[in-house]
Amino acid sequence: MRIFDPHIHMTSRTTDDYQAMYDAGVRAVVEPSFWLGQPRTSPESFFDYFDALLGWEPFRAAQYGIAHHCALALNPKEANDPRCAPVLGALPRYLVKDSVVAVGEIGYDSMTPAEDHALAAQLQLAADHGLPALVHTPHRDKLAGLRRTLDAVRESALPVERVLLDHLNETTVKEAADSGAWLGFSIYPDTKMDEDRMVAVLKDHGADRVLVNSAADWGRSDPLMTRRVGDAMLAAGFDEDQVDQVLWRNPVAFYGLSGRLRLDPPGDVGPLHEGNSILRGGE
Ligand SMILES: [Zn+2]
């Protein structure tokens, strides 16, 4: 089983996770930029983070045979902090980098006017840079959040066919599918979607434009959730080609819209990145 996790925050994960992911079949990931839990207090804090997603993290992934790309953006939650707003003006110089395959994650958290502004500005940036967009849908009040998100997309210059709506569930999948957008499902260990609910959604709606991700980060989450969905699909009677469509071909097609995906196994990048190594002690 070959697996592309289209939404995972590896900066929060360990090298053990990279090894376990490789052993489970993960060969490619996209890491969207997000909120780090601790609020940032200046744009420079974002810039160091963006540089890590462009440099250090692809280096770390390559040590484990995994191709790493990223999506960059001002995240919905911190769009509400005026100290972080200047990030929007700096994004163009990051969005031209080779391993950036989308603008994201953008969208609504609390549906404030500041979030309206950041979402509209970043949908325009995606259109200007020929990039698709990874759009997070709110965890509270999901259907209202989805509708407001779709309104913002329709008012933007970015065609809905270049948008991945993420964190969908049974209540939002139909309207999201009818819109023509790509459909993302985050599978968590305790809350929201689990692998059995995901299989039920796939039985109802088919695998067309469906992507499954672990969204693993610093909270309760599991970077092997993609594999668990693949196993649950096989146990429920889906064949290997359908699993490959959901776990590999669909994410390749979506992020391939950027024209920047490179999925050959990472070559030998050497043991050092800017003088630093992942090895510790006695090497
Ligand atoms: Zn995320």
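Scroll up a little and you will see the structure.
An account of the accompanying structure is given in this report. (Residues numbered from 1 in each chain as written. Predicted model: local features only at pLDDT ≥ 70, side-chain atom pairs only at ≥ 80, totals over all residues.)

### Some thoughts on the overall build of the protein
Then, in step 1: If you tally the helices and strands in the protein, you get ten helices and eight strands.
Then, in step 2: The C-alpha atoms of the protein give a radius of gyration of 18 Å, which matches the 19 Å a tight globule of 283 residues would have.
Then, in step 3: Taken along its principal axes, the extent of the C-alpha atoms in the protein is 55 × 50 × 35 Å.
Then, in step 4: Burial status across the protein gives 45% buried among its 283 residues.
Then, in step 5: Long-range contacts, defined here as pairs at least 24 residues apart, represent 73% of the contacts in the protein between residues at least 6 apart. (Helix = DSSP H or I, 4+ residues; strand = E, 2+ residues; numbered from the N terminus. Rg over C-alpha atoms; globule rule 2.2 N^0.38 Å. Buried ≥ 20, exposed ≤ 12 C-beta atoms within 10 Å, placed from the backbone. Contact = placed C-beta atoms within 7 Å.)

### Some points on the nonpolar core
Then, in step 1: Formed by 77 residues in total, the largest nonpolar core has its most connected members in Ala71, Leu72, Val103 and Ala133.
Then, in step 2: Looking at this core element by element, the count peaks at six residues for helix α10 (residues 240–256).
Then, in step 3: When residues no more than four places from it in sequence are discounted, the contact partners of Leu72 are Ser33, Phe50, Leu53, Leu91, Tyr94, Leu95, Val100 and Val103. (Core = buried A, V, L, I, M, F, W, Y, C linked by C-beta atoms within 7 Å.)

### Let's talk about the sheet that holds strand β8 (residues 210–213)
Then, in step 1: Read across the sheet, eight strands follow the order β1-β2-β3-β4-β5-β6-β7-β8 without closing on themselves; strand pairing throughout is parallel. Each of the sheet's edge strands pairs with one partner strand only, and the pair in question is β1 (3–5) and β8. Between one strand and the next, the sheet's axes are offset by a mean angle of 25 degrees, whatever the strand orientation.
Then, in step 2: Its contacts with the sheet place helix α9 (residues 225–235) against β1, β2 (26–32) and β8, and it is angled at close to 135 degrees to β1. (Pairing = 2+ DSSP bridges. Axes fitted to C-alpha atoms, helices over the stretch in contact; angles between N-to-C directions.)

### Brief notes about the pairing of β8
Then, in step 1: Neither face of β8 is exposed, since Val210 and Val212 on one face and Leu211 and Asn213 on the opposite face are all buried.
Then, in step 2: In this structure, strand β7 (residues 182–186) lies alongside β8, joined through four bridges in parallel fashion. When the bridges of β8 are listed, Gly184 appears paired with Leu211.

### Section: the packing of helix α2 (residues 43–54) against helix α4 (residues 87–95)
Then, in step 1: Viewed as axis vectors pointing N to C, α2 and α4 meet at an angle of 25 degrees, and their least axial separation amounts to 10 Å. When the interaxial angle is binned, α2 and α4 end up roughly parallel. Seen from above, α2 lies across α4 with right-handed handedness. Along the contact surface, α2 presents Pro43, Phe46, Phe47 and Phe50, while α4 presents Val87, Ala90 and Tyr94. (Parallel < 35°, antiparallel > 145°, perpendicular 65-115°, else oblique. Left-handed = near helix turned anticlockwise from the far one by under 90°.)

### Points about α4
Then, in step 1: Val87, Leu91, Tyr94 and Leu95 are the residues of α4 that are buried. One side of α4 holds all its buried residues, which, seen down the axis, span an arc of 85 degrees. Opposite the packed face of α4, turned more than 90 degrees from it, sit the exposed residues Gly89, Pro92 and Arg93. (Arc of directions from axis to C-beta.)

### Concerning the environment of Asp81
Then, in step 1: For Asp81, the position within the fold is in the loop between β3 (67–72) and α4.
Then, in step 2: The exposure class assigned to Asp81 is partly exposed, which follows from the 14 C-beta atoms found within 10 Å.
Then, in step 3: Taking the C-alpha atoms as reference points, Asp81 and Arg40, 41 residues apart in sequence, are found 8.9 Å from one another.

### Here we look at the pairing of β3
Then, in step 1: Taken across its six residues, β3 has six buried, putting it largely inside the fold.
Then, in step 2: A two-sided burial pattern is seen for β3, the buried positions comprising Ala67, His69 and Ala71 on one face and His68, Cys70 and Leu72 on the other.

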